[in-house]
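# Structure assessment
So you can see what is in the structure, the chains are spelled out below.
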Amino acid sequence: MILGIDEAGRGPWAGPLVVGAVVLGDSEIIGLTDSKKLTKRKRELLYDEIVNKAAAFATGWVEASELDEVGMSEALRLATRRAVEKIAVSYSEIIIDGTINFLVDTNKGRYVQTMPKADLLIPSVSAASIMAKVERDRYMTEQGLLYPEYGFESHAGYGVARHREAIETHGVTPLHRLSFAPLAKYRQ
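Before going into details, it helps to say that this report is about the structure given with it. Throughout this description, residue numbers start from 1 for each chain and increase along the sequence as written. This being a predicted model, a pLDDT of at least 70 is required before a residue's local features are given, and a value of 80 or more before pairs of side-chain atoms are given or counted; all residues contribute to the totals for chains, interfaces and linings. Think of the side-chain values as coming from all heavy atoms in the structure, minus any hydrogens and water.

This part takes up the packing of aromatic side chains. Side-chain rings of Phe, Tyr and Trp, where Trp is taken by its six-membered ring, are said to pair if the distance between their centres is within 6.5 Å; with planes under 30 degrees apart they count as stacked, over 60 as edge-to-face, and otherwise as tilted. Evaluated as defined, the whole model comprises four aromatic pairs. Measuring from centroid to centroid gives 5.4 Å for W61 and Y139, while their planes differ by 80 degrees, and the two rings are edge-to-face. Here Y139 lies in helix α5 (residues 123-146) and W61 lies in strand β3 (residues 56-62), a separation of 78 residues in the sequence. With centroids separated by 6.4 Å and ring planes inclined at 85 degrees, the aromatic side chains of Y147 and F152 adopt a geometry described as edge-to-face. These aromatic residues form a ring-pair network of at least three members: Y147, Y150 and F152. Only DSSP runs of H or I covering at least 4 residues are called helices, and only runs of E covering at least 2 are called strands; the numbering of each starts at the N terminus.

Before going further, it helps to examine the nonpolar core. Among the buried residues, those of types Ala, Val, Leu, Ile, Met, Phe, Trp, Tyr and Cys that are joined through side-chain atoms within 4.5 Å form a nonpolar core. A simple rule labels every residue: compare its accessible area, found with a 1.4 Å probe on the protein chains alone, to the largest value its type can have, and call it buried under 20%, exposed over 50%, or partly exposed in between. Counting 35 residues, the largest nonpolar core has L3, I5, I87, Y91 and I94 as the members making the most contacts within it. Taken together, the elements giving at least two residues each to this core come down to β1 (2-8), β2 (17-23), β3, α3 (72-85), β4 (93-97), α5 and α7 (161-170). Contacts: residue pairs with any heavy atoms within 4.5 Å of one another. Apart from the residues lying within four places of it in its own chain, the contact partners of I5 are V19, G20, A21, T80, V84, I94, I95, I96, D97, L103, V125 and A128.

We now examine unusual backbone geometry. In this structure, K117 takes a positive phi of about 65 degrees despite not being glycine. Mapped onto the elements, K117 comes out in the loop between β5 (112-115) and α4 (118-121). For A156, which is not glycine, the phi dihedral falls at a positive 55 degrees. Turning to its location among the elements, A156 is positioned in the loop between α6 (152-155) and α7. Overall, the relative accessible area of 9% leaves A156 in the buried class.

Another point: the sheet that holds β2. Note: two strands are recorded as paired if DSSP finds a minimum of 2 bridges between them. Across the sheet, five strands lie side by side as β3-β2-β1-β4-β5; this open sheet has mixed pairing. The two strands at the open ends of the sheet, each matched to only one other strand, are β3 and β5. Strand after strand, the sheet turns through a mean of 20 degrees between neighbouring axes, direction not considered. The convention used is that axes are lines fitted to C-alpha atoms, helices contributing only their stretch in contact, and that angles between N-to-C directions extend from 0 to 180 degrees.

Attention now moves to α7. Think of an α-helix as turning once every 3.6 residues; residues three or four places apart then point the same way. Within α7, burial applies to H163, A166 and I167. On an axial view of α7, the arc spanned by its buried residues comes to 100 degrees, and they lie on one face. Seen from the buried face of α7, the exposed residues on the opposite side, beyond 90 degrees, are E165, E168 and T169. Residues of α7 that are buried in the fold lie against α6. The directions considered for the arc run from the helix axis to the C-beta atoms.

Attention shifts here to the packing of helix α1 (residues 40-53) against α5. Where α1 meets α5, the axes come as close as 9 Å, and the angle between the chain directions of the two elements is 115 degrees. The two elements α1 and α5 cross, and the hand of that crossing is left-handed. The segment α1 lies against α5, with R43, E44, L46, Y47, D48, I50 and V51 engaging A127, I130, M131, K133, V134, E135, D137 and R138. Each residue gets one label: Ala, Val, Leu, Ile, Met, Phe, Trp, Tyr, Cys and Pro are nonpolar, Asp, Glu, Lys and Arg are charged, and the others, such as Gly, are polar. Taken together, the residues of the contact of α1 with α5 sort by class into eight nonpolar, no polar and seven charged. Less than a right angle of anticlockwise turn of the near helix away from the far helix marks a crossing as left-handed, whereas a clockwise turn marks it as right-handed.

Next up, the structure:
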């Protein structure tokens, strides 16, 4: 019973940071891998399968304004803790994708193993990667309807040319991470 943890949204200039947490239990889901290696359609299909088959799943969110206030390292800790707190089934081990134990100073810290590329190697971490990516992408698509001039539905807040041009023309939104160097000039 492994609790897998991975994040989505560390690099974009806008939108939340989202951490997924999944316990697959006895469920076997074919095709799990790092969410970035999957098409959008395949991620969506796997997301539905995870929701239907996993023993437990959750996401933890940190909005852009909160991320600006506490910084990326603390935002990753907060989002991880928020996701883990929602997991109500027993598990024997926690595997976090990467090299940093974001639970080190909690009562769960001693159960954590960090592992680079865990999203490629450990099914529950792959599932967490997919949960975080799909939920974040869905949210950014919704935000694209609220802020159509920014095109969030197509780039999910990353600093692509279209997004940079929209910021230059229209300024920033409450979704933008003003602590990121390219947007620092918009901080007040």
